[in-house]
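# Chain and residue survey
This is what each chain is made of:
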Amino acid sequence: MARGLLLAGMICLFPGDCGAGSDERRLLHFLFVERFYSPLERPVANESLPIRVNFTLDLQQIIDVDEKNQIIHTNIWLQMKWRAANLVWDPLEYGGITTIRVPAQKVWIPDILMYNSADEKFDATFHTKVVVSSDGSCLWVPPGMLKSTCDIDITWFPFDEQKCEMKFGSWSHDGRFLDLHEEDPAGGNTRTFYPNGEWQLIGVPVRRNVVAYECCPEVYIDLVYTIHIRRRTLYYGFNIIIPCLLISSMSLLLFLLPPDAGEKISLGVTILLSLMVFLLLVAETMPPTSDALPLIGIYFCCIMVMTSLSVLFTVVVLNFHYRGPETHTMPPWIKLGVNVVLAKVLRMSRPPLVKRRQSVCRYRLADVQASERTTHSLLPNLLESEEEYRHQQESNGLSRHTRGSSCTSDWIRPPPLVSRDTHVQQGDDTMLTECCGHVTRELTNVLHEVRKITARLRQDEEETEVKSEWRFAALVIDRLCLWICLAATLISTLAILCSAPHLIA
Ligand SMILES: *[C@@H]1O[C@H](CO)[C@@H](O)[C@H](O)[C@H]1NC(C)=O
Ligand SMILES: *[C@@H]1O[C@H](CO)[C@@H](O)[C@H](O)[C@H]1NC(C)=O
């Protein structure tokens with residue numbers, strides 16, 4: 001009663017004028033003073049019946065989805081409709097007024113709250129005026145920037161979909177007093193939804209829960225609106241997936257680069273480093289939770305492990321490439337397993353041995369053979385030429401040119417004989433015997449040296465062969481790594497892309 005009078009005092013600035021004057025003033029006086037209206041009273045005709053409230057939700061905008069704190073920030077207009085049995089009038093009596101707008105504090109309003117609110121004030125709605133119609137139906141649309149908890153699952157990030165539930169219900173009335181119903185069984189209203197750059201709205205379905213406990217007669221009614229959103233992947237595709245793919249495919253180049261270029265390791269480490277730097281950037285965009293490992297995280301992990309292994313195997317390849325007979329003997333299992341079986345599996349083959357020899361030791365071998373031939377033919381030639389020399393000396397003085405192998409005799413003739421030809425005629429015989437002994441000695445020496453050279457060349461050839469075995473093993477391992485790396489990149493990429501629930505949104 002006292003409250004009603006107070007209200008009347010507020011509505012009628014001049015108490016004497018109340019009951020006369022404008023229609024709206026008369027109407028307000030009729031509703032709130034004459035009929036002893038109290039906002040505390042539940043506006044039902046029969047107290048044993050619940051008041052039906054039709055509720056709906058107008059999603060205006062998704063402001064932010066905070067994956068770390070599991071909070072979704074939305075702009076929502078709630079909409080509640082009920083029929084107040086004590087706010088009915090005849091419009092004809094009051095100048096045709098069919099609706100009035102009353103502050104929410106002045107009339108009974110359902111105390112419907114969002115149960116999973118994460119706001120500091122809990123109820124973040126703005127209490128606007130209630131529109132009351134002449135038949136008693138009330139429409140109240142409190143807008144609000146709502147923060148609500150949301151169970152965000154980032155397993156499929158960045159191809160994820162989130163379902164954020166919002167549970168609405170009367171805080172103090174159970175089902176016996178307030179019957180909460182959804183206005184539209186299809187769900188919330190999204191006609192005025194403002195599109196979000198990061199999230200695509202799939203729908204806002206609604207579910208009505210009526211929970212009854214065995215102990216008590218009352219039922220508890222709530223409405224759960226689910227904001228179903230899907231992350232748009234274009235941003236992540238262009239800024240994360242494609243650069244990562246490029247970097248990971250660069251690690252394939254690592255196995256194509258020949259070891260002699262000397263850049264294999266530096267390329268590998270550079271790729272690893274660039275991947276790390278890139279990961280730092282990506283880590284900032286990823287939701288920092290440990291609840292689940294996001295898909296993209298697994299992908300990065302795969303790529304990083306692969307690149308690290310690439311560097312490791314490159315070291316192995318380089319190690320093999322620079323091995324030689326002086327430090328390593330090739331174990332038979334490498335010779336058979338890598339150079340024969342694995343090479344066959346990878347369809348790699350070396351040019352045949354003869355060709356290789358020809359190409360590698362063409363000049364050396366030719367030299368060796370020539371020198372051998374020379375050595376073998378040297379002694380008979382020499383004796384022959386000695387005879388001829390003697391004859392020539394006797395017949396027509398000194399002519400250095402002889403029949404047959406002129407170069408051989410040229411080469412074996414001691415230089416003093418040639419340069420001092422005037423003295424030769426004087427002591428011919430003594431000089432010749434001296435020369436013969438000297439030549440034999442020299443020849444023995446030469447033979448010895450030539451054998452040494454031949455042996456050395458043979459050794460060189462064998463070393464080259466062993467080295468080429470190692471180099472071929474390195475090549476085979478390099479190729480094996482290339483295939484494995486290619487397969488791993490393709491499989492991991494395809495697996496990630498195929499396991500994603502959706503690709504483009
Ligand atoms: C109120 O509703 C109950 C249950 O429907 C009914 O039994 C009772 O008669 C009603 N009272 C009045 C005054 O209409
Ligand atoms: C609530 O919705 C029901 C079913 O659509 C309807 O019959 C009833 O009149 C509505 N109540 C109000 C107050 O709008």
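The model shown is predicted, which means the values in this text are computed figures rather than measured ones. Here the residue index of a chain counts from 1 through its sequence in written order. Both sets of labels track the order of writing: A upward for chains, 1 upward for ligands. Local features in a predicted model are, by the rule used here, given only for residues with pLDDT of at least 70; side-chain atom pairs are given and counted only at 80 or more, and totals for whole chains, interfaces and linings are based on all residues. The side-chain numbers reported here are obtained from all heavy atoms of the structure, hydrogens and water having been left aside.

### Quick look at the pairing of strand 2 (residues 71-83)
Regular strands have side chains that alternate between both faces of the sheet. Here 12 bridges tie strand 1 (residues 51-66) to strand 2, and the two strands are oriented antiparallel to one another. Bridge pairing links Asp-66 to Ile-71 in strand 2. For two strands to pair, DSSP has to find at least two bridges joining them. Only DSSP runs of H or I with at least four residues qualify as helices, and only runs of E with at least two residues qualify as strands; both kinds are numbered from the N terminus onward. Taking the residues that link successive antiparallel strands as the turn, the strand 1-strand 2 hairpin has 4 residues, and the phi of Gln-70 there is positive, at about 55 degrees. Examined bridge by bridge, strand 2 and strand 7 (residues 143-149) share 7 bridges and lie antiparallel to one another. Bridge pairing in strand 7 links Trp-77 to Pro-143. Alignment of strand 2 against strand 6 (residues 137-140), held across 4 bridges, turns out to be antiparallel. Directly across from Arg-83, in strand 6, lies its bridge partner Ser-137.

### Here we look at the site of ligand 2
Definition of nearness: a residue and a molecule or strand are near each other if at least one heavy atom of the residue lies within 4 Å of the molecule or strand. Arg-52, Asn-54, Lys-81 and Trp-82 make up every residue found near ligand 2. Within 3.5 Å is the distance limit for a polar contact, defined as a pair of N or O atoms, with the added protein rule that one can donate a hydrogen and the other accept it, and that residues adjacent in sequence qualify only through two side-chain atoms. Arg-52 is positioned such that a nitrogen or oxygen atom in its side chain is 3.3 Å from an oxygen atom of ligand 2. Between Asn-54 and ligand 2, the recorded distance is 2.3 Å, taken from a side-chain N or O atom to an oxygen atom. In isolation ligand 2 has 360 Å² of accessible area, and contact with the protein removes 50% of it. Of all elements in the fold, only strand 1 and strand 2 reach the threshold of two or more residues within the shell around ligand 2. Think of it as three bins: nonpolar holds Ala, Val, Leu, Ile, Met, Phe, Trp, Tyr, Cys and Pro, charged holds Asp, Glu, Lys and Arg, and polar takes everything else, Gly as well. A breakdown of the residues in the shell around ligand 2 according to their chemical character gives 1 nonpolar, 1 polar and 2 charged. In these tables, accessible area is a Shrake-Rupley quantity obtained with a 1.4 Å probe, and a residue counts as shielded only by the protein chains included in the view.

### Quick notes on the pattern of salt bridges
Here a salt bridge means any side-chain nitrogen of Lys or Arg lying within 4 Å of a carboxyl oxygen belonging to Asp or Glu. In this structure the tally under the stated criterion is 16 salt bridges. Across the pair Arg-350 and Glu-469 runs a salt bridge, and its minimum N-O distance is 3.2 Å. On the criterion of sequence distance, the pair formed by Arg-350 in the loop between helix 6 (332-345) and helix 7 (353-396) and Glu-469 in helix 11 (residues 428-499) is long-range, its members being 119 residues apart. One connected set of salt bridges, linked through shared partners, spans Glu-67, Asp-160, Glu-198 and Arg-231.

### Things to note about the site of ligand 1
Lining the immediate surroundings of ligand 1 are Asn-46, Ser-48 and Leu-49. Relative to its free-state accessible area of 360 Å², ligand 1 is covered by the protein chains to the extent of 24%.

### Examining unusual backbone geometry
A cis amide bond, omega 5 degrees, links Phe-157 with the succeeding residue Pro-158. By the element assignment, Pro-158 lies in the loop between strand 7 and strand 8 (161-170). Positive phi values are uncommon outside glycine, yet Gln-70 reaches one of about 55 degrees. Inspection of the secondary structure assignment puts Gln-70 in the loop between strand 1 and strand 2.

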